[in-house]
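Here is how the chains run, residue by residue.
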Amino acid sequence: MLANNQPANISSFQHEDRVFPPPKGFAAQAHIKSMAQYRKLYNESVNSPEKFWGKQAKEELVWFKPWKKVLEWKAPFAKWFVGAKLNVSYNCLDRHLNTITANKAALIWEGEPAGTGVLGEERTLTYKQLHREVCLFANVLKRNGLKKGDRAIIYLPMVPEAAIAMLACARIGVVHSVVFGGFSAQSVADRIHDCQAKLVITADGGFRRGAIVPLKQNVDDALGIQNASGEVLAKTIQKVIVLRRANNGIHIQEGRDVWWHREMDNVSADCPAEPMDSEAPLFILYTSGSTGKPKGILHTTGGYLLGAKMTSKYVFDLQAMDTYWCTADVGWVTGHSYVVYGPLANGATSLMYEGAPNFPEPDRFWRIVEKYGVTILYTAPTAIRAFMKWGTEWPRKHNLSSLRLLGTVGEPINPEAWIWYHEVIGGKRCPIVDTWWQTETGGIMITPLPGATPTKPGTATLPFFGVLPEVVDDQGKAVPRNSGGKLVIRKPWPSMLRGIWGDMQRYRDTYWSEVKGSYFTGDGCRQDKDGYFWIVGRIDDVLNVAGHRIGTAEVESALVSNHKVAEAAVVGRPDDLKGQALVAFVTVKGGVTADQKLRDELRNHVAKEIGPVAKPDDIRFAEALPKTRSGKIMRRLLKQIASGGEIKGDTTTLEDLSVLARLSSSEE
Ligand code: WTA
């Protein structure tokens with residue numbers, strides 16, 4: 001089977017024989033010290049999952065009330081720690097307050113704006129301070145009408161208040177849905193509408209590459225958007241809490257908008273953590289699928305937190321002295337599990353940086369590593385490829401010797417980038433954990449354990465505890481080693497999604513129907529002779545552009561919502577930097593001139609509909625899109641066209657793709 005969205009430079013066989021054993025010194029002090037120890041625990045975890053997870057849950061988390069049953073599995077619906085009660089914010093904060101961790105930095109933050117000389121504003125919040133802020137803000141939420149079970153949208157820059165808002169919601173049982181700041185007003189409105197949120201937490205603006213992202217303005221716009229039948233999408237919103245960050249003089253609507261700092265002055269710092277059912281919703285995070293609008297992936301309390309905590313501890317081998325930095329934005333799942341919940345549940349120090357890696361210069365990350373003595377760095381292959389392009393002189397300017405472990409996530413890493421990361425950033429001494437997982441899985445699923453697993457550049461290696469992945473054919477049968485197939489997960493795991501918000505049928509159809517009885521990941525994969533999993537990329541119509549998931553259907557419907565567009569088909573093509581780039585084939589309506597101006601207009605239109613992250617890299621105009629006899633767009637052909645050949649520049653001559661379609665033997 002061909003992975004149709006295979007990213008650039010995955011020359012997977014080339015480096016397969018290069019094996020990097022864990023450095024000796026590293027293994028000696030790691031939580032998991034050998035493959036034998038990993039195998040023993042792994043076998044226990046899959047052979048007696050309930051016993052294994054019951055024991056882990058007891059050891060790792062503080063529960064207000066014990067469970068009656070570890071797992072209730074009525075496929076495809078799982079309940080973990082049935083009947084138990086706990087609170088996520090309590091486990092991330094309160095539990096550390098009577099320990100040596102109380103005055104340790106929970107969050108170290110650096111803002112993007114850089115003066116000359118000394119860079120960036122900085123703030124540090126100890127566990128005690130963070131606890132206080134979270135209690136105050138939880139009371140602010142209550143004061144503004146939120147109750148257990150209500151939904152709140154968080155649309156903030158990467159500032160400590162993003163974590164504070166998340167934890168405050170969790171503290172009182174409000175379900176949060178964080179929307180990445182790179183999404184548009186329309187996307188905010190769609191999400192509010194889908195989860196019927198009552199309140200938005202935002203900021204006047206955030207800083208990104210020296211410019212201000214007008215978050216509050218986007219919220220104002222979002223709250224006015226109507227659907228085709230004139231219904232205001234965000235009509236459930238009663239309040240907007242606004243953090244002052246950019247001081248960009250925004251409009252405050254009396255009665256609806258309140259300032260974060262003013263509200264904080266009017267509440268008490270006493271807010272006990274609400275005992276929540278283990279299966280109570282914790283958050284909804286929207287992610288792109290192969291059809292329609294983004295799906296609201298639902299995660300619940302006990303299982304999610306256990307997954308986030310254990311993976312953080314074992315995959316990043318968190319130790320008391322670590323300064324851990326996951327560079328993801330909290331708008332993505334990686335930010336949820338590995339900036340906020342996982343590290344804080346472990347009492348670790350989590351670093352947050354607001355801005356771009358190359359602002360004001362391409363060494364910003366390395367300055368930060370040096371300045372704070374970062375020991376663990378977790379980032380995306382796209383970023384690594386960008387650093388490679390910018391040149392080794394930037395990291396070489398800084399002392400990176402504090403680093404002891406490196407991680408990657410979000411897309412396959414090409415071996416060349418892996419080797420560069422290992423040598424230039426890791427000084428050949430740091431193990432690399434290439435972690436495969438998804439918004440849906442809640443936590444890391446396939447990964448090396450840094451003190452145990454010998455790594456090979458380009459593979460996420462072996463499953464984490466309790467995870468039973470398999471590579472199967474179209475009939476759902478396991479394929480032999482070294483053959484390609486679909487990646488599925490055979491058994492439920494604690495941090496798995498519990499469904500799609502408001503659409504359980506779509507949950508069944510998307511994840512549990514492709515391969516009967518198993519969770520279908522949407523990824524293509526191959527297992528090598530050692531059983532290592534090599535992810536080749538999505539095999540559905542989801543693209544992975546710079547580590548961001550983008551649904552082709554979503555971009556297509558954004559394009560056709562422009563009145564000049566007749567038809568659109570969006571495909572990926574390999575891109576050296578971003579893994580994949582977005583190529584849109586567009587036919588225009590009669591009388592419309594297809595030119596560079598229209599290209600720009602359409603790109604901006606997509607940015608308005610979805611967000612700048614979904615802007616097509618290329619737009620190619622065609623007379624007609626190639627179709628099969630039954631009228632289906634021949635995507636495979638379009639992918640080939642997109643991947644090869646020169647893109648025509650400003651031209652009014654439309655490409656005649658139907659000719660190619662007739663020449664092509666493929667009918668699918
Ligand atoms: C891809 C991000 C290869 C994969 C945590 C998956 C990866 C999608 C890796 C999920 C990896 C993530 N190697 N591919 N280490 N990690 N992916 O939901 O295609 O934003 O299905 O979650 O990213 O993206 P999502």
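These numbers come from a predicted model, not from an experiment.

With that settled, consider the confidence of the model for the protein. Across the protein, the average pLDDT comes to 93, with 94% of residues at or above 70. No element of the protein has a lower mean pLDDT than helix 20 (residues 657-663), at 62, and none a higher one than helix 4 (residues 88-92), at 99. Across residues 1-13 the pLDDT falls below 50, and counting only partners more than four positions away or on other chains, this stretch makes 42 contacts in the model. Residue range residues 647-652 is modelled with pLDDT below 50. Its contacts to residues more than four positions away, or to other chains, number 13 contacts.

Here we take up unusual backbone geometry. Across the junction of Ala75 and Pro76, the peptide omega takes the value 0°, indicating a cis bond. One can find Pro76 in the loop between strand 1 (69-74) and strand 2 (77-82). Phe359 connects to Pro360 through a cis peptide bond whose omega is -5°. Along the polypeptide, Pro360 turns up in the loop between strand 17 (349-353) and helix 12 (364-372). Non-glycine residue Asn247 carries a positive phi angle of around 55°. Residue placement: Asn247 occurs in the loop between strand 11 (239-243) and strand 12 (257-259). The backbone of Asp317 shows a phi angle near 50°, a positive value even though the residue is not glycine. Mapped onto the secondary structure, Asp317 falls in the loop between helix 10 (302-315) and strand 16 (323-326).

What follows covers the pattern of salt bridges. Here the structure, examined in full by the defined rule, presents 41 salt bridges. Across the pair Asp257 and Lys216 runs a salt bridge, and its minimum N-O distance is 2.8 Å. Linking Asp257 in strand 12 with Lys216 in helix 8 (residues 215-224), this pair joins segments that are 41 residues apart in sequence. Taking the relative accessible area as the measure of exposure, Lys216 reaches 0% and is therefore buried. For the salt bridge of Asp363 with Arg367, the shortest nitrogen-to-oxygen distance reads 3.4 Å. Classification of Asp363 as buried rests on a relative accessible area of 1%. A single network of salt bridges, built from pairs that share partners, joins Glu110, Glu122, Arg364 and Lys371.

In the vicinity of the ligand lie 17 residues, with Asp434, Thr435, Thr439, Asp523 and Arg549 positioned nearest. Here a nitrogen atom of the ligand and a backbone polar atom of Thr435 are 2.7 Å apart. Protein contacts shield 96% of the accessible area of the ligand, which totals 530 Å² for the unbound molecule. Within the residue set of the shell around the ligand, elements represented by two or more residues are helix 11 (333-345), strand 20 (432-435) and strand 25 (533-538). Taken together, the residues of the shell around the ligand break down into 6 nonpolar, 6 polar and 5 charged.

This brings us to the environment of Pro357. With respect to the secondary-structure elements, Pro357 resides in the loop between strand 17 and helix 12. Since its relative accessible area comes to 15%, Pro357 is described here as buried. The contact partners of Pro357, leaving out residues within four places of it in the chain, are Arg208, Arg209, Pro362, Arg364, Phe365, Phe387 and Trp390.

Within strand 19 (residues 405-409), 5 of the 5 residues are buried, which leaves the element mostly enclosed by the surrounding structure. Side chains Leu405, Gly407 and Val409 project from strand 19 onto one buried face, and the interleaved Leu406 and Thr408 project onto a second face that is buried too. Judged from the 4 bridges that link them, strand 18 (residues 376-379) and strand 19 form a sheet pairing that is parallel. Each residue of the ladder has a partner; that of Thr379, found in strand 19, is Thr408. Bridge count between strand 19 and strand 20: 4 bridges; the pairing is parallel. Across the sheet, Thr408 pairs through a bridge with Asp434, a residue of strand 20. Note that the unit made of strand 19, helix 15 (residues 415-425) and strand 20 has a crossover that is right-handed.

Once that is clear, we can look at the domain arrangement of the protein. When cut into domains, the protein gives domain 1 (122-296) and domain 2 (542-665). Taking only C-alpha atoms into account, the centre of domain 1 sits 34 Å from that of domain 2. Every contact between the two is made by 14 residues of domain 1 and, on the other side, 13 residues of domain 2. Summing both partners gives a buried area of about 960 Å² for domain 1 against domain 2, and 49% of it is carried by carbon and sulfur. On the surface where domain 1 and domain 2 come into contact, there are 0 salt bridges. At the junction of domain 1 with domain 2, the criterion picks out 7 residue pairs in polar contact (both at pLDDT 80 or more).

Looking now at the side chain of Arg498. As for its placement among the helices and strands, Arg498 is situated in the loop between strand 22 (484-489) and strand 23 (499-500). The class for Arg498 is buried, based on a relative accessible area of 7%. Reaching out from Arg498, the side chain makes a polar contact with the side chain of Thr300 at a distance of 3.4 Å. Looking at Arg498, its side chain comes within polar contact range of the main-chain oxygen of Pro494, at 3.0 Å. Contact partners of Arg498, with chain neighbours within four places excluded, come to Phe77, Ala78, Trp80, Glu279, Leu298, Thr300, Gly303, Trp493, Met504 and Tyr507.

About the thresholds
Residue indices follow the written sequence of each chain, beginning from 1 at its first position. Whole-chain, interface and lining totals are the exception, using all residues; otherwise, since this is a predicted model, local features are given only for residues with pLDDT of at least 70 and side-chain atom pairs are given and counted only at 80 or more. In computing side-chain values, all of the structure's heavy atoms are included and hydrogens and water are not. For every residue, the predictor states its confidence as a pLDDT score lying anywhere from 0 to 100. Under the DSSP-based scheme used, a helix requires at least four consecutive residues in state H or I and a strand at least two consecutive residues in state E, with every element numbered from the N terminus. The contact criterion used is simple: two residues touch if any of their non-hydrogen atoms lie within 4.5 Å. Each reported salt bridge corresponds to a side-chain nitrogen of Lys or Arg within 4 Å of a carboxyl oxygen of Asp or Glu. The buried label applies to any residue whose accessible area, calculated with a 1.4 Å probe on protein chains only, is under 20% of its type's maximum; exposed applies above 50%, and partly exposed to all values in between. A single heavy atom is enough: if one lies within 4 Å of a molecule or strand, its residue is considered near that molecule or strand. Under this definition, polar contacts are N or O atom pairs within 3.5 Å; protein pairs additionally need one hydrogen-donor-capable and one acceptor-capable atom, and for neighbouring residues in sequence, both atoms have to be side-chain atoms. Residue burial considers only the protein chains on display, and all accessible areas are found by Shrake-Rupley using a 1.4 Å probe. Lys, Arg, Asp and Glu make up the charged group, whereas Ala, Val, Leu, Ile, Met, Phe, Trp, Tyr, Cys and Pro make up the nonpolar group; the residues left over, Gly among them, are polar. When DSSP finds two or more bridges between two strands, those strands count as paired. By convention, a crossover is right-handed whenever its connection, traced from the first strand over the helix to the second and viewed with the strands pointing away, goes clockwise. Start and end points for every domain follow an automatic or database-based domain assignment. Buried area: the accessible surface (1.4 Å probe) lost by two parts on joining, summed over both.

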